[in-house]
Amino acid sequence: MKKILLFAIALIFVFNAKAQEKQKNDSIVNGWTKEGNIAILFNQSAFNAEWTGGGTSNIAGNLLLNYNLNYRMDDITWDNKFLIDYGISKQNGDNFPRKTSDRLEFNSVIGKEINESNWFYSFFLNFRTQITKGYEFSEDPDTGETIRTETTHFFSPGYLQVGPGLLWKKNENLYVNFAPATARWIFVDSDFTTVEGYEDGDYFGVDQGKSSRFELGFAVSAYAKFQLIENVDLENILNLYSNYLEDPQNVDIDYTLNTTMKINDYLSTNLIFQAIYDDNAVKGFQIREVFGLGLNYKF
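Summary of the structure given here. Every value quoted in this text rests on a predicted model; they were computed, and no experiment measured them. (Residues numbered from 1 in each chain as written. Predicted model: local features only at pLDDT ≥ 70, side-chain atom pairs only at ≥ 80, totals over all residues. Heavy atoms only, no water.)

It is worth spelling out the overall build of the protein chain at this point. When its secondary structure is counted, the protein chain shows one helix and 14 strands. Seen through its principal axes, the protein chain has C-alpha atoms that stretch 70 × 50 × 30 Å. The proportion of buried residues among the 299 residues of the protein chain is 41%. Pairs at least 24 apart in sequence give 57% of the contacts found in the protein chain among residues at least 6 apart. Entry remark: accessible area of the protein chain is about 16900 Å², with carbon and sulfur atoms responsible for 58%. (Helix = DSSP H or I, 4+ residues; strand = E, 2+ residues; numbered from the N terminus. Buried < 20%, exposed > 50% of the residue type's maximum accessible area, 1.4 Å probe, protein only. Contact = heavy atoms within 4.5 Å. Areas by Shrake-Rupley, 256 points an atom, 1.4 Å probe, with all protein chains shown as cover.)

Dropping the structure here:
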């Protein structure tokens, strides 16, 4: 808990200093603005029978949808972001394709400006889950066949967070929201918590026989998108959460870096890096990285 408070205080100090330097030429455009991007990434490796260096032929793909719908009217701001990130791969000889990513997320922050500054009273909502079933894979010791065991599916788990707070916003591409009284619900399918021998908290922190878990804590969400160099854009999404009711020192972390290196209006090279820490799910960091050639369409 101390870490998240120190982080919040540091951000408040830095952004408050910047808020005092608000540029006079920053213009406010009232009304709705919208922007979206669809990208399909491809990765492929192939080896013939004579290849001696080792390796398995495989093909993989990712579908990315990033859509922003924002509203501004004088001292009221309302930002909405919808994300889909779904990836799948198939190795030669595998009985089943395997997911490489699966994320469905909606973020919404509404704020009312405080004294013509970069600060706003705010209220936020965040919902995230996955789209398709997730499996653990093992091998039958007798036949050698791949066995897959379902561990997750749509809305299991599902996360819903809501809460009031303070928003620092420079523009639609740079803002931080602090919510010290955030309610969070974790939803799961009770089929996973009623199996024989289940112990409280084993499945995303949910108790035996239950289908949800309630938490109250401190949430920080930050968004920064900027151009590193010409035709190279970086998008950073950071979410932190500390549960007051249980182990507040264990801060949940979800950080995503989306890097787009534009080739032309329809082709780009994309790098996605995500790091998650949630001790109710796994006792350690979950890391994923995707790199590939992308077909892009902006709307």
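Picking up after the structure, the text goes on.
Here the focus is the pairing of strand E11 (residues 232-243). Burial analysis of E11 places eleven of its twelve residues in the buried class, which makes it a mostly covered element. Bridge count between strand E10 (residues 212-229) and E11: twelve bridges; the pairing is antiparallel. Its bridge partner lying in E11, Lys225 is registered against Glu235. (Pairing = 2+ DSSP bridges.)

Two side chains with opposite charge may pair up if their charged atoms get near one another. Taken as a whole, this structure holds 15 salt bridges when the rule is applied. Between Asp75 and Lys112 there is a salt bridge, and its shortest N-O distance comes to 2.6 Å. With Asp75 in the loop between strand E2 (58-73) and strand E3 (76-91) and Lys112 in strand E4 (residues 98-113), this residue pair connects regions lying 37 residues apart in the sequence. When its relative accessible area of 25% is taken as the criterion, Asp75 is described as partly exposed. You can call Lys112 partly exposed: its relative accessible area is 41%. Residues Asp85 and Arg288 are paired through a salt bridge, measuring 2.3 Å at the closest nitrogen-oxygen approach. Highlighted residues: Asp85 in strand E3 and Arg288 in strand E14 (residues 285-298), separated in sequence by 203 residues. Here Asp85 matches Arg288 in class, with each residue buried. (Salt bridge = Lys/Arg side-chain N within 4 Å of Asp/Glu carboxyl O.)

Strand order in this closed barrel of twelve strands is E1-E2-E3-E4-E5-E8-E9-E10-E11-E12-E13-E14, and the pairing throughout is antiparallel. Averaged over all adjacent pairs, the angle separating strand axes in this sheet is 20°, with direction ignored. With 14 bridges joining them, E3 and E4 adopt antiparallel strand pairing. Bridge pairing in E4 links Lys81 to Asn107. (Axes fitted to C-alpha atoms, helices over the stretch in contact; angles between N-to-C directions.)

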